[in-house]
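Structural overview
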Amino acid sequence: MTVQSIDSPNRPAWVWHAGVVAATIVWFAVYKQLPAFSEWLTALLPVDRSSHTGEALAFFFYDTPKVIMLLALIVFWMGVIRSFFSPEKTRALLSGKREGVGNVMSASLGILTPFCSCSAVPLFVGFVSAGVPLGVTFSFLIAAPMVNEVALVLLWGLVGPKVAIIYLFFGLTIAIVAGWVIGRFHLEGWLQDWVKDIHLGQAAGAVPEENLTMVDRYGQGIESVKEIVGKVWIWVIVGISLGAVIHGYVPEDTMVSIMGSGQWWSVPVAVGMGIPMYTNAAGVIPIVEALLGKGAELGTVLAFMMSVIALSLPEMLILRKVLTIKLIAVFVGVVGSGILAVGFLFNAIF
């Protein structure tokens, strides 16, 4: 595919560079104001902020622009980066020469990215669009929300370093092993067609790097945003809308009565209860604290926590635009099995 330069004699390269820098600064400035914006917008409505409806609305007004902004920023820069590296080079960078090295690198990267599951999806799309192996991208998608520094610090303060370290170990193990297993299935054919085209380097962006100026690379980033964000944004809104409703109406007392029963079935039931919900680590750990304080079992609660932030239904709705139902089912099955194992093990140990 031949790419036409977007440069112009009337628009020198420094203007593009300055514009990208200025846009990035504005992005971060706006992003920092999203919590205050959501509260301000909620206050304009005739609802009590502390009510279920107020909680749901504030959640929606914050997460919707947050996820879309993250998606646009990450897809843009992944488009720019993709213009420097062929899919083969990117694949080699993350997959490594030894089996599983790419999964370890990708899962470790997830520790440094304090995103909820829906916020991690933009990076997942960016990795896939850059030609990164599917199993490696899944290792990141699992680890980013489940084993990030926010979760670990809060868990450390709540139940102590021993549990936090064990959680880190098993969380990374799930991310690495699940990604590796999915990768061994070679399920790239189960991506949605438009993602498959990008993954194979057949969409905009697969061009020889020596033929491009930096301005052309910015153009590749802009085209990536138009193509990917244009296809995904409606699913982001649908998913977060569902998550906001659930977030505002969580029946905490009912969950405690189930999770503290001491029965073997409490772990799979807790996982089943967690999947329809949606929040990040900072949002779910206060719920974990309340559940533990009311007598819920540690393994059951951690399984619930993992399912909320790694297998949320809103995340699945957003991924539906990227993955086929068959691939989503494999993802849920593999990750869910790992979460169940952790829940049963923690209940047996503690």
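As the structure is a computational prediction, the values presented were derived from the model and not from experiment.

A look at the overall build of the protein
- When its secondary structure is counted, the protein shows 17 helices and zero strands.
- If you take every contact in the protein between residues at least 6 apart in sequence, the share linking residues at least 24 apart comes to 82%.
- For the protein, the computed accessible surface area is about 15300 Å², with 69% contributed by carbon and sulfur atoms.

Quick word on the nonpolar core
- F124, F138, M146, Y167, L323 and F331 are the most contacted members of the largest nonpolar core, which has 60 residues in total.
- Residue contributions to this core peak at 10 residues, all from helix α15 (residues 298-310).
- Residues within four places of F138 in sequence aside, it is in contact with F124, G179, I182, L323, L327 and F331.

Here's the deal with the packing of α15 against helix α17 (residues 325-349)
- Across the interface, α15 lies against α17 with an axial gap of 7 Å and an inter-helix angle of 160 degrees. The orientation of α15 with respect to α17, classified from their angle, is roughly antiparallel. As for how α15 packs across α17, the hand of that crossing is right-handed. On the side of α15, the interface is formed by L298, G299, T300, L302, A303, M306, S307 and A310, while α17 contributes F331, I339, V342, G343, F346 and N347.
- Its residues assigned to classes, the contact of α15 with α17 comprises nine nonpolar, five polar and no charged.

A short note on the packing of aromatic side chains
- Going through the model one piece at a time under the given rule, you end up with nine aromatic pairs.
- Consider the rings of F60 and F61, whose centres lie 6.0 Å apart with planes at 65 degrees: the pair is edge-to-face.
- An aromatic cluster of at least three residues, connected via ring pairs, comprises W27, F28 and Y31.

Observations regarding the pattern of salt bridges
- Under the definition given, this model contains three salt bridges.
- In this structure, R49 and E39 form a salt bridge, with 2.8 Å as the shortest nitrogen-oxygen distance. A residue pair is termed long-range when its members are at least 10 positions apart, and R49 in the loop between α2 (34-43) and α3 (52-82) and E39 in helix α2 qualify at 10 residues.
- Judged by relative accessible area, R49 falls into the partly exposed class, the value being 30%.

Some points on a nonpolar patch on the surface
- A surface patch of nonpolar side chains, amounting to about 450 Å² of accessible area, comprises F37, W40, L44, L45 and V47.
- Judged by relative accessible area, which is 34%, F37 ranks as partly exposed.

A closer look at unusual backbone geometry
- Its identity as a non-glycine residue notwithstanding, H186 has a phi of 55 degrees, on the positive side.
- By the element assignment, H186 lies in the loop between α9 (161-184) and α10 (193-199).

Some points on α2
- Taken as a whole, α2 has its buried residues at L34, S38 and T42. Taken end-on, α2 shows its buried residues confined to a sector of 75 degrees, consistent with a single buried face. Exposed residues pointing more than 90 degrees away from the buried face of α2 are listed as W40 and A43.

Topic: the environment of V342
- Within the fold, V342 resides in helix α17.
- On the basis of relative accessibility, which here comes to 3%, the residue V342 falls in the buried class.
- For the pair formed by V342 and G299, sequence separation is 43 residues and the distance between their alpha carbons is 7.0 Å.
- With residues near it in sequence (within four places) discarded, V342 still touches F170, I174 and M306.

Observations regarding helix α7 (residues 134-146)
- The first and last C-alpha atoms of α7 sit 19 Å apart over 13 residues, in line with the 18 Å expected at 1.5 Å per residue.
- Most of α7 is tucked away: 13 of the 13 residues are buried.

Thresholds, definitions, all that
In this numbering scheme, every chain counts its residues from 1 along its sequence in written order. With pLDDT at 70 or above as the cut-off, local features in this predicted model cover only qualifying residues; side-chain atom pairs require 80 or more to be listed or tallied, and sums for whole chains, interfaces and linings still use all residues. The basis for every side-chain value is the complete set of heavy atoms in the structure, and neither hydrogens nor water enter the calculation. Helix and strand assignments follow DSSP, with helices taken as H or I runs no shorter than four residues and strands as E runs no shorter than two, numbered in order from the N terminus. Any two residues whose heavy atoms approach within 4.5 Å are treated as being in contact. All accessible areas in this document rest on Shrake-Rupley with a 1.4 Å probe, and a residue is counted as covered only by the protein chains that are shown. What we call a nonpolar core is a set of buried Ala, Val, Leu, Ile, Met, Phe, Trp, Tyr and Cys residues that are connected through their side-chain atoms within 4.5 Å. The cut-offs for exposure are 20% and 50% of the maximum accessible area for each residue type, with area from a 1.4 Å probe on protein chains only; residues under the lower value are buried, those over the upper are exposed, and the others partly exposed. To obtain an axis, a line is fitted to C-alpha atoms, over the contacting stretch when the element is a helix, and the angle between two such axes runs from 0 to 180 degrees between their N-to-C directions. Orientation is classified from the angle alone, with under 35 degrees giving roughly parallel, over 145 giving roughly antiparallel, 65 to 115 giving roughly perpendicular, and any other angle giving oblique. Throughout, a crossing is termed right-handed when the near helix is turned clockwise from the far one, and left-handed when it is turned anticlockwise from it by less than a right angle. Side-chain classes are defined by residue name, with Ala, Val, Leu, Ile, Met, Phe, Trp, Tyr, Cys and Pro counting as nonpolar, Asp, Glu, Lys and Arg as charged, and the others, Gly among them, as polar. Each Phe, Tyr or Trp ring, with Trp reduced to its six-membered ring, pairs with another whose centre is within 6.5 Å; inter-plane angles below 30 degrees give stacked pairs, above 60 give edge-to-face pairs, and intermediate values give tilted ones. Salt bridges, as used here, are contacts in which a Lys or Arg side-chain nitrogen is within 4 Å of a carboxyl oxygen on Asp or Glu. Put simply, a patch holds well-exposed residues, over 30% relative accessible area, that have no salt bridge, with like charges counted together within 9 Å and Val, Leu, Ile, Met, Phe, Trp or Tyr side chains within 5 Å. Of all possible arcs, the one meant is that of the directions from the helix axis to the C-beta atoms. Any helix carries an expected span of 1.5 Å times its number of residues minus one.

Interpretation note: all reported values are geometric properties and have no functional meaning in isolation.
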